[in-house]
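The chain contents come next:
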Amino acid sequence: VIVGILTDFGTRDHYVGTMKAVVLSVFPAATLVDITHDIPPQDILTGALELAAACPYFPPGTIFLVVVDPGVGTRRRGLAAQAGGYRFVGPDNGVLSVALMHLGLDSARIVELNDARFALPTISPTFEGRDRFAPAAGWLARGTDLREFGPEVHDPVHLSVPKPTRTPGGIEGQVLRVDRFGNLISNVDAPLVMSLAAPVDIVIAGRHVPRILSTYGQAPPGELCALIGSSGHLEIAINRGSAATQLDARPGTPLVIRAADGGKR
Amino acid sequence: VIVGILTDFGTRDHYVGTMKAVVLSVFPAATLVDITHDIPPQDILTGALELAAACPYFPPGTIFLVVVDPGVGTRRRGLAAQAGGYRFVGPDNGVLSVALMHLGLDSARIVELNDARFALPTISPTFEGRDRFAPAAGWLARGTDLREFGPEVHDPVHLSVPKPTRTPGGIEGQVLRVDRFGNLISNVDAPLVMSLAAPVDIVIAGRHVPRILSTYGQAPPGELCALIGSSGHLEIAINRGSAATQLDARPGTPLVIRAADGGKR
Amino acid sequence: VIVGILTDFGTRDHYVGTMKAVVLSVFPAATLVDITHDIPPQDILTGALELAAACPYFPPGTIFLVVVDPGVGTRRRGLAAQAGGYRFVGPDNGVLSVALMHLGLDSARIVELNDARFALPTISPTFEGRDRFAPAAGWLARGTDLREFGPEVHDPVHLSVPKPTRTPGGIEGQVLRVDRFGNLISNVDAPLVMSLAAPVDIVIAGRHVPRILSTYGQAPPGELCALIGSSGHLEIAINRGSAATQLDARPGTPLVIRAADGGKR
């Protein structure tokens, strides 16, 4: 059984290793896969988006152990969930909600983690990742049925992901995430872009991007370009450079797309 | 068999991957778990503390491969040790000593790694992690008895961890480590804090922290707070911020705790 | 089967985790080992050197999944290769070439990845690591013969690694890579150094390094020293400090070695 792990713990402390130790204590045969631990501290939205982007590439049966948890130790609930053949463990703050929505909330089953049998004997109010979520992931991997963990939850916290708006002249969107290459991944997906008549004109941070390429290498080095990235969203990039640095752009930076002739396809 | 690995090698070079390759060459069925590789270069004390914090969460039988080794290639010894159901491999510079002390030095057995059968044929004087320690961990995982590795060691190097002092008015301690969230983990443990009459007044870097909360989220965002962290020690934190940055604090920064009424509980 | 993974993806995004998910989807029993993901973005030479340094320490049968790929989505080929008992998957831009050369190009077999059966159904032109290379590594791990993947390639891209030159007075070389400790690893290997009469005088960044030690700890803390590093190359280091920072040196920084008496051994 694969356990995919995503946190904002970074890797300079022992925290992630300790969580893995707990998972393996419960279920030694687990195959642990790091998704990332470098979610910006307490950035629930980025965590939710990264999880949702990675999730469909994992084989069915995978358990996701997700800890971006600014409310650790407070009364926010801990959740276990299953949807689309996957299972999830994490805090009830929306960090699971984007992935669950993609998989279909109607068919999702969500329960509250409140059975002490599936947690460590002592739960630190500052590290539930280790004491509550990691053991729950271990027990799920070991085959424990979701319903054993606690009562069903019908009102999990949902994250509101900024959505693009269609305007008479085009589309107004924004940057959702910036990757390590400085590529700016927007909230505008491919079908929406294609609903405009080509060619399009993209404006971001006062700069015009004249057309949409297939891949980075089609642009001359150093030149700003747009393309549909690997998650199916419009992305602004610089071949062999960082669009984030050059445009001083970040999550939330607005982006406007206009059909060059103002018309619809 | 789990092999937990802790180094100061960072992850930008191939060094950690190469060590893992060597472990798996000796014992292909090992389950490798990274504790951290971002111990500050040559910082033996931080390495020892991180190891000791993570160790008890690993299942018995785990082997710890620990390489923070400024003396690589010199005459300092290499060690293998067993204590409390765990086994350890690392240099004799104290990096194992805090974990061993927690597990009980009386019952620990420590040997010197000096049998060439359990090392690579050529030992680089600048990378014993790869050529001596990794293969030894592999052989331990494969079931080789500790006594096979070399003669018993009765005088391993012990690290002196700064200890808090009890004063008439309270406790004087210091910051031991800073985690990625900027939380300041001190050397004052929970029983010691509780030996003072509540409420307490904590002074660090010229700032007063008025009371001890259960968890970060109980403090308003941006406000300095104190709590008992996940390793059972007093911790200074800022909810959704970095106490290290805001106080300009680091390992060694002093911390004074006073019972507000000057009395003992 | 071990799959060793080396990329320039960093670890702050989900990219590496997603590639691992794809490998495990094809072959769940793979043992995944990170070599490094912190190759500087698009730095093919550094990727090639790190791969070549790590490769010989992996057990035969290991598959290397290597993605440093500025030409992703363009017409550059994808390759699978086998040599010296190892197998490789990666783009045809030279990133595999140094390792293959060390293993013997004569006996290497290289094919182009062009069979859709061994890729994901949709190939994003911006993430072939996930959609083409990771599944190919999975199929190799599962036992698919190299020849099944596509036609043989006889003209793979070769990287030119800067070579040292022998001069009348000594050797002129350069820094090839800088590791996390700030050690400067040169392109001058041990046999070449030993071809000069000892003692030698090394000049780098206007500083003289008087002699070659066995290991860092033989130099007083803070002092510049030279030694033969763990990959068998001349290395400039500072015991408990960073030579890169102190000399402001980087890949490409020249290095001159002279026999102190001007003579040959």
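Residues numbered from 1 in each chain as written. Chains lettered and ligands numbered in written order. Predicted model: local features only at pLDDT ≥ 70, side-chain atom pairs only at ≥ 80, totals over all residues. Heavy atoms only, no water.

Thoughts on the interface of chain B and chain C
The extent of an interface is frequently quoted as the accessible surface area lost upon association of the parts. Tallying the contact residues gives 31 residues for chain B and 29 residues for chain C. For the pair chain B and chain C, the summed buried area comes to about 2500 Å², and 55% of that belongs to carbon and sulfur atoms. Contact with chain C buries surface across chain B, with Arg12(B), His14(B) and Thr126(B) losing the most and accounting together for 25% of the total. Our count for the contact surface shared by chain B and chain C stands at one salt bridge. Between Asp13(B) and Arg177(C) there is a salt bridge whose closest N-O contact spans 3.5 Å. Between chain B and chain C we count 17 residue pairs in polar contact (both at pLDDT 80 or more) in total. Elements represented by at least two residues in the side of chain B that touches chain C include exactly helix H1 (15-26) and helix H4 (128-141) of chain B. The greatest single-element share of the side of chain B that touches chain C, amounting to eight residues, is contributed by H1(B). Considered class by class, the residues forming the side of chain B that touches chain C number twelve nonpolar, twelve polar and seven charged. (Contact = heavy atoms within 4.5 Å. Buried area = accessible area lost by both parts, 1.4 Å probe. Salt bridge = Lys/Arg side-chain N within 4 Å of Asp/Glu carboxyl O. Polar contact = N/O pair within 3.5 Å; in protein donor to acceptor, adjacent residues only side chain to side chain. Helix = DSSP H or I, 4+ residues; strand = E, 2+ residues; numbered from the N terminus. Nonpolar A, V, L, I, M, F, W, Y, C, P; charged D, E, K, R; others polar.)

Here we look at the interface of chain A and chain C
The interface is formed by 29 residues belonging to chain A together with 32 residues belonging to chain C. Together chain A and chain C conceal approximately 2500 Å² of surface at their shared face, both sides included; 55% is due to carbon and sulfur atoms. Inspection of the region where chain A meets chain C yields one salt bridge. Across the contact surface, chain A and chain C share 17 residue pairs in polar contact (both at pLDDT 80 or more). Elements that contribute at least two residues to the side of chain A that touches chain C include exactly strand S2 (31-36), helix H2 (44-54), strand S8 (170-178) and strand S13 (224-228) of chain A. When residues of the side of chain A that touches chain C are assigned to their parent elements, the largest contribution, five residues, is made by S2(A). Across the side of chain A that touches chain C, the residue classes tally to 14 nonpolar, eight polar and seven charged.

Observations concerning the packing of aromatic side chains
Aromatic ring pairs: the centre-centre distance and the angle between the two ring planes describe each pair. For the structure shown, the criterion picks out 27 aromatic pairs over all chains. Seen from their ring centres, Phe118(B) and Phe149(B) are 4.7 Å apart, and the 45 degrees between their planes marks the pair as tilted. Of this pair, Phe118(B) sits in the loop between strand S6 (109-112) and H4 while Phe149(B) sits in the loop between H4 and strand S7 (165-167), and the two are 31 residues apart along the sequence. Among the residues examined, Phe118(B) registers a relative accessible area of 7% and is labelled buried. Relative to Phe127(C), the ring of Tyr15(C) lies with its centre 5.4 Å away and its plane at 70 degrees, an arrangement referred to as edge-to-face. One end of the pair, Tyr15(C), is in helix H1 (residues 15-26); the other, Phe127(C), is in the loop between strand S6 (109-112) and helix H4 (128-141), and 112 residues separate them in sequence. Note on accessibility: Tyr15(C) and Phe127(C) belong to one class, buried. Grouping aromatic residues by their ring pairs yields a cluster made of Phe9(A), Tyr15(A), Phe127(A) and Phe181(B). Just above the ring of Phe181(A) sits the side chain of Arg180(A); from NZ or CZ to the centre is 6.0 Å. (Phe/Tyr/Trp six-rings, centres within 6.5 Å; stacked < 30°, edge-to-face > 60°. Buried < 20%, exposed > 50% of the residue type's maximum accessible area, 1.4 Å probe, protein only. Lys NZ or Arg CZ within 6 Å of the ring centre and 35° of its normal.)

Overview of the sheet that holds strand S1 (residues 2-7) of chain C
Residue and element names in this part refer to chain C. The six strands are arranged S2-S1-S3-S5-S4-S6 in an open sheet whose pairing can be described as mixed. Strands at the two margins of the open sheet, each flanked by one partner only, are strand S2 (31-36) and S6. Strand-to-strand twist across the sheet, computed as the mean angle between neighbouring axes with direction ignored, equals 20 degrees. As judged from the six bridges shared by strand S4 (residues 78-83) and strand S5 (residues 86-91), these two strands associate in the antiparallel manner. Bridging from a neighbouring strand, glycine 78 pairs with proline 91 of S5. (Pairing = 2+ DSSP bridges. Axes fitted to C-alpha atoms, helices over the stretch in contact; angles between N-to-C directions.)

Focus on the sheet that holds strand S1 (residues 2-7) of chain B
Taken in spatial order, the six strands of this open sheet run S2-S1-S3-S5-S4-S6 (chain B), and their pairing is mixed. For this open sheet the edge positions go to strand S2 (31-36) and S6 of chain B, each flanked by a neighbour on one side alone. On average, each strand axis in the sheet is inclined to that of its neighbour by 20 degrees, with strand direction left out of account. Sheet topology note: the strand S3 (residues 63-67) of chain B/strand S5 (residues 86-91) of chain B ladder contains three bridges and is parallel. Paired with Ile63(B) across the two strands is Arg87(B), which belongs to S5(B). Packing of helix H1 (residues 15-26) of chain A onto the sheet brings it into contact with S1 and S2 of chain B, and relative to S2(B) it is tilted by some 150 degrees.

Side note on the confidence of the model for chain A
On average, chain A scores 94 in pLDDT, and the residues at 70 or more come to 98%. Taken together, the chains of this predicted complex give a pTM of 0.95 and an interface ipTM of 0.94. (pLDDT = per-residue confidence, 0-100.)

Some thoughts on unusual backbone geometry
All names here are of chain A. Even without glycine at this site, glutamine 42 takes up a positive phi of about 65 degrees. Structurally, the position occupied by glutamine 42 is in the loop between S2 and H2. One non-glycine residue, arginine 240, adopts positive backbone phi at about 60 degrees. Here arginine 240 lies in the loop between strand S14 (233-238) and helix H6 (243-247).

Overview of the environment of Glu112(C)
All names here are of chain C. Within the secondary structure, glutamate 112 sits in strand S6. For glutamate 112, a relative accessible area of 22% translates into the label partly exposed. Sequence separation between glutamate 112 and glycine 182 is 70 residues; the distance between their C-alpha atoms is 38 Å. Each residue touching glutamate 112, except ones within four places of it in the same chain, is listed here: Arg77, Gly78, Leu79, Phe149, Gly150, Pro151 and Val153.

Quick word on the relation of the copies chain B and chain C
For the pair chain B and chain C, the best superposition has an RMSD of 0.0 Å and corresponds to a rotation of 120 degrees with a translation of 0.0 Å parallel to the axis. Such a turn and shift between the copies fits a three-fold axis. Distance from the rotation axis, computed per C-alpha, reaches its smallest value in chain B at Thr31(B): 5.1 Å. When the interface residues of chain B are mapped onto chain C, a mere 6% of them again lie at the interface, so each copy presents a different face. (Least-squares fit on C-alpha atoms with pLDDT ≥ 70 in both.)

Brief notes about the pairing of strand S8 (residues 170-178) of chain C
All names here are of chain C. The element S8 is largely enclosed, with a buried count of seven among its nine residues. Sheet topology note: the strand S7 (residues 165-167)/S8 ladder contains three bridges and is antiparallel. Counterpart to threonine 165 in the pairing with S8 is glutamate 172. Relative to strand S9 (residues 184-189), S8 runs antiparallel, the two being bridged by three bridges. Each residue of the ladder has a partner; that of arginine 177, found in S9, is isoleucine 185. Counted between consecutive antiparallel strands, the loop separating S8 from S9 contains five residues, among which glycine 182 sits at a positive phi close to 80 degrees.

A short note on the packing of H1(C) against H4(C)
Residue and element names in this part refer to chain C. The interhelical angle for the contact between H1 and H4, taken along N-to-C directions, is 40 degrees, at an axis separation of 8 Å. Judged on the interaxial angle alone, H4 and H1 are oblique. Relative to H4, H1 is oriented so that their crossing is right-handed. Across the interface between the two elements, Thr18, Met19, Val22, Val23 and Val26 from H1 touch Gly129, Arg130, Ala134, Pro135, Gly138 and Trp139 from H4. Across the contact of H1 with H4, the residue classes tally to seven nonpolar, three polar and one charged. (Parallel < 35°, antiparallel > 145°, perpendicular 65-115°, else oblique. Left-handed = near helix turned anticlockwise from the far one by under 90°.)

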